[in-house]
Amino acid sequence: MKILVPVKRVPDPATTIRVLPDGLGIATDNVKWVINPFDEIAIEEALRIKEKQSGEVVLVAVGQQAWQEQLRTGLAMGADRAIFIRNDTALDSLAIARILAKVATDERPDLIIMGKQAIDDDANQVGQMLAETLGWPQATFASKVEFAERKCTVVREVDGGLETIAFQLPAVITTDLRLNEPRYASLPGIMKARKKELKEIAADSLGVNLAPKLKVKTLAAPPKRQSGRKVGSVAELVAVLHTEAKVI
Amino acid sequence: MGDVLVLAEQQEGRFPKTTLVAVHAGLELAAKRGGKCTAVVLGENPDAAAGEIAKYGVAKAIALSHAALKNYLADAYAHALAALVKKTGTEFVLATATAVGKDLMPRLAARLDAPMASEITAINDDGTFIRPTYAGNAMATVELDGPVKVLTVRGTAFDAAKAGDAAAPVEKVAAELDASALKMEFVSFNATKSDRPQLTEARIVVSGGRGLKSGDNFKTVLEPLVDEMGAAMGASRAAVDAGFVPNDLQVGQTGKVVAPELYVAVGISGAIQHLAGMKDSKIIVAINKDEEAPIFSVSDFGLVADLFKAVPEMVEEVKKLKHA
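I will try to describe carefully the structure that is included in this document. What you are looking at is a predicted structure, and each value in this text was computed from that prediction instead of being measured. (Residues numbered from 1 in each chain as written. Chains lettered and ligands numbered in written order. Predicted model: local features only at pLDDT ≥ 70, side-chain atom pairs only at ≥ 80, totals over all residues.)

## A look at the overall build of chain B
Which entries qualify depends on this criterion: Note on conventions: DSSP H or I runs of at least 4 residues are helices, E runs of at least 2 residues are strands, and numbering of each starts at the N terminus. As a reference, a globule follows 2.2 Å times the number of residues to the power 0.38, and the radius of gyration itself is taken over C-alpha atoms. Exposure is read from a count of other C-beta atoms within 10 Å of each residue's own; the residue is exposed at 12 or fewer, buried at 20 or more and partly exposed in between. C-beta atoms are placed from the backbone. In this description, any two residues whose backbone-derived C-beta atoms lie within 7 Å of each other are considered to be in contact.
When helices and strands are tallied, chain B shows eight helices and 16 strands. A compact globule built from 324 residues would reach a C-alpha radius of gyration of about 20 Å, and chain B, at 21 Å, matches this within 12%. Projecting the C-alpha coordinates of chain B onto the three principal axes gives extents of approximately 60 × 40 × 40 Å. The buried share of chain B, reckoned over its 324 residues, is 60%. The contacts in chain B between residues at least 6 apart in sequence include a share of 65% that link residues at least 24 apart.

## Let's talk about the sheet that holds strand E7 (residues 129-133) of chain B
To keep it simple, the criterion reads: Strand pairing follows a simple DSSP-based rule, namely that at least 2 bridges must link the two strands.
As summarised here, the arrangement of the four strands in space is E12(A)-E8(B)-E7(B)-E6(B), forming an open sheet in which the pairing is antiparallel. The open sheet terminates on both sides in strands that have one partner only, identified here as strand E12 (214-220) of chain A together with strand E6 (122-123) of chain B. Bridge analysis of E7(B) against strand E8 (residues 138-144) of chain B gives five bridges, and the strand direction is antiparallel. Within the sheet, the bridge partner assigned to Pro132(B) lies in E8(B) and is Met139(B).

## Quick notes on the packing of helix H4 (residues 126-134) of chain A against helix H4 (residues 99-112) of chain B
The following threshold applies: Only C-alpha atoms enter the line fits that serve as axes; for helices the fit covers just the stretch in contact. Angles between N-to-C directions range over 0 to 180 degrees. Just so you know how the angles are binned, under 35 degrees is roughly parallel, over 145 roughly antiparallel, 65 to 115 roughly perpendicular, and the rest oblique. Each crossing is labelled by how the near helix is turned from the far one, with a counterclockwise turn of less than a right angle marking it left-handed and a clockwise turn marking it right-handed. Residues were grouped as follows: Ala, Val, Leu, Ile, Met, Phe, Trp, Tyr, Cys and Pro as nonpolar; Asp, Glu, Lys and Arg as charged; and all remaining residues, including Gly, as polar.
The geometry of H4(A) relative to H4(B) is characterised by a closest axis approach of 8 Å and an angle of 45° between their N-to-C directions. On the basis of the axis angle, H4(A) is oblique to H4(B). Considering how the two elements wind past one another, H4(A) and H4(B) form a crossing that is right-handed. For the pair H4(A) and H4(B), the contacting residues are Gln128(A), Met129(A), Ala131(A), Glu132(A) and Thr133(A) in the first and Asp103(B), Pro106(B), Arg107(B), Ala109(B), Ala110(B) and Arg111(B) in the second. Grouping the amino acids of the contact of H4(A) with H4(B) by side-chain chemistry returns five nonpolar, two polar and four charged.

## Observations regarding the interface of chain A and chain B
Opposite the 68 residues of chain A that make contact, chain B presents 73 residues. At the level of secondary structure, the elements contributing two or more residues to the side of chain A that touches chain B comprise helix H3 (93-107), H4, strand E7 (138-148), strand E8 (151-158), strand E9 (161-168), E12, strand E13 (229-231) and helix H6 (234-243) of chain A. Considering each element in turn, the side of chain A that touches chain B owes the most residues, eight residues, to E9(A). Class assignment of the residues belonging to the side of chain A that touches chain B gives a composition of 34 nonpolar, 18 polar and 16 charged. Of the strand pairs in this sheet, E13(A) and strand E16 (residues 301-304) of chain B are connected by three bridges, and their pairing is parallel. Bridging from a neighbouring strand, Lys230(A) pairs with Gly302(B) of E16(B).

## A look at the sheet that holds strand E1 (residues 2-6) of chain A
Strand order in the open sheet formed by ten strands is E11(A)-E5(A)-E4(A)-E1(A)-E6(A)-E10(A)-E7(A)-E8(A)-E9(A)-E11(B), and the pairing between neighbours is mixed. Two strands lie at the open edges of the sheet, namely strand E11 (198-202) of chain A together with strand E11 (185-191) of chain B, each paired on one side alone. Ignoring strand direction, the axes of neighbouring strands in this sheet form an average angle of 25°. Of the strand pairs in this sheet, E7(A) and strand E10 (residues 171-175) of chain A are connected by three bridges, and their pairing is parallel. The partner of Ala142(A) across the bridge, within E10(A), is Thr175(A).

## Some remarks on H3(A)
Residues and elements named next belong to chain A. As a reminder, the rule being used: What a helix should span is 1.5 Å times the count of its residues minus one.
In this model H3 runs 21 Å from its N-terminal to its C-terminal C-alpha over 15 residues, within 8% of the 21 Å that 1.5 Å per residue would give. Most of H3 sits out of view: eleven of its 15 residues are buried. The first or second residue beyond H3 is Arg108, which carries a positive phi of 50°.

## Observations regarding the environment of Gln125(A)
Residue and element names in this part refer to chain A. Among the secondary structure elements, Gln125 is positioned in the loop between strand E6 (111-115) and H4. Using a count of 29 C-beta atoms within 10 Å as the deciding quantity, one classes Gln125 as buried. The sequence separation of Gln125 and Glu56 amounts to 69 residues, and the corresponding C-alpha distance is 26 Å.

## Quick look at helix H5 (residues 215-228) of chain B
All names here are of chain B. With 14 residues, H5 should reach 20 Å at 1.5 Å per residue; the first-to-last C-alpha distance of 19 Å fits that figure. Considered for burial, the residues of H5 that qualify are Phe218, Val221, Leu222, Leu225 and Val226. For H5, the secondary structure elements touched by its buried residues are strand E12 (204-208), strand E13 (232-235), strand E14 (262-266) and helix H8 (307-323). Count one or two residues on from H5 and you reach Gly230, which has phi positive near 65°.

## Here's the deal with the pairing of strand E9 (residues 149-153) of chain B
Residues and elements named next belong to chain B. Across the five residues that make up E9, a large majority, five, are buried. Alternating positions in E9 separate into two faces, Lys149, Leu151 and Val153 on one and Val150 and Thr152 on the other, with burial throughout. Relative to E9, strand E4 (residues 92-96) runs parallel, the two sharing five bridges. Within the sheet, the bridge partner assigned to Val93 lies in E9 and is Val150. In terms of strand pairing, strand E5 (residues 116-120) meets E9 through three bridges, oriented parallel. Residue pairing in the sheet places Ala117 in a bridge with Leu151 of E9.

## Looking at the packing of H3(A) against H4(A)
How two helices pack is summed up by the angle between their axes together with the distance between the axes. All names here are of chain A. With their axes 8 Å apart at the nearest point, H3 and H4 run at an angle of 50° to one another. The angle between the axes of H3 and H4 places the two elements in the oblique class. For the pair H3 and H4, the sense of crossing is right-handed. Between H3 and H4, the contacting residues are Ser93, Leu94, Ile96, Ala97, Arg98, Leu100, Ala101 and Ala104 on the first element and Val126, Met129, Leu130, Thr133 and Leu134 on the second. In terms of residue class, the contact of H3 with H4 is built from ten nonpolar, two polar and one charged.

## Observations concerning the environment of Ser143(A)
As for its placement among the helices and strands, Ser143(A) is situated in strand E7. When the C-alpha positions of Ser143(A) and Leu162(A) are compared, they lie 8.8 Å apart, and in sequence the two are 19 residues distant. Beyond its immediate stretch of four places on either side in the chain, Ser143(A) contacts Val155(A), Arg156(A), Glu157(A), Leu162(A), Asp176(A), Arg178(A), Leu179(A) and Asn247(B).

What follows is the structure in structure tokens.
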């Protein structure tokens, strides 16, 4: 099975994010950049499917020059090759979905697996938009993925329980937290990754409309919550909740 | 221009708070943009439910029916809704960011070639919207450009619409669906069994973290407190990651966002991604043995204590209070 895994570069989730004073971005000094954690789960799932069924795992990223680092990390985890779509302008989710759809049309994967959301803009859109653009089934928030020939069954994490849906490949799956535990890149993996193919393509050469219809005008720090006080005992805690906060 | 179509999600004929929040946000948006707010219920036979949502202040309710809409599936719902949007010429399509809203609305946006803003928390007078990014650490003001715009709203950021005495008219529409283009099949739904209130609706939420140390301890230590307080139970991502509890209890950036009157965090350190899901709660209580834990920086009342002692004690104290 040929699997395409879109990958995004994001600040490490443990990084404290500060909005720049001009409101036009976040401070990036001292930011460690990583693969979006849900995309890491997607890479892991793709590798496991390949290990069971054979096939190929192809990574794709749409971004600036530095994003190649994350593609190399994914190759070190075990992906076979990577496609780097170089782009330096602001894109919205629709434009990214169109770019990925173009890559999918050229590459003809059986399956696209990606993170359910990127932890920077928290939009949770591209997988679904990509599925619609391709006219493929989608299974978002996947916690279990199984195959019987070309038929795929996915358990999804939804409100109030687990939902199971099924469809024929090709399809787009987005990963939730419990799908798997991603592996670390091994030292031999890192060595091998240096020699793997990483093909660069300019986004504006794809013939895709890149103009964003959603624009971020400004960013602002959220209102800060006042920290309260410590209480000395459980009895005092329950008392203040009852008499002062009046919530119990 | 300015018309708003609200997706009214039903759960077996009843409307959860998240739906009423969408209606409220839709009414606010329509008022600000000088349009009308219409609610739409999709299903095999949604007429009765549409009649119900028609009481919540909307100008009209549409019952959009088709046999293929019996169970929610992204492709069928997106096709049916997109055809309706094209027919009615609405400017905004809005839903709450529930599991269905998150799954469906981007697909709908792509089908309509429309921009989409996820989980907006405010509607500005100038036509822009505010939405949280970076786990709520940067609030973005966004502008959407196009004849149709798709939005999901954060369930905690708007009030719930209230039912009035009069009901708006209900229009029955047969969905335009090409069943041969639909490729997804519903297999089953496995509900998490619980008599407790839902996380996104509860007045009180009691959440546990990695400090609970095991799934068993959630049952034997935390659950008595949850039930004594009549609360919904939540969990941190760390507790879900460790396999202590199912993912639908997860509160945080990548789980559910809650804002109850009282949020009690037990054995939760307060990672950025957890705070993103609960920091708008009215009163926050933290119980943690590490006095340096970041959770204390957002809590109104903090108790530095061993949770395995403090929680059973709290159960007794709450009991006493009830019988006082």
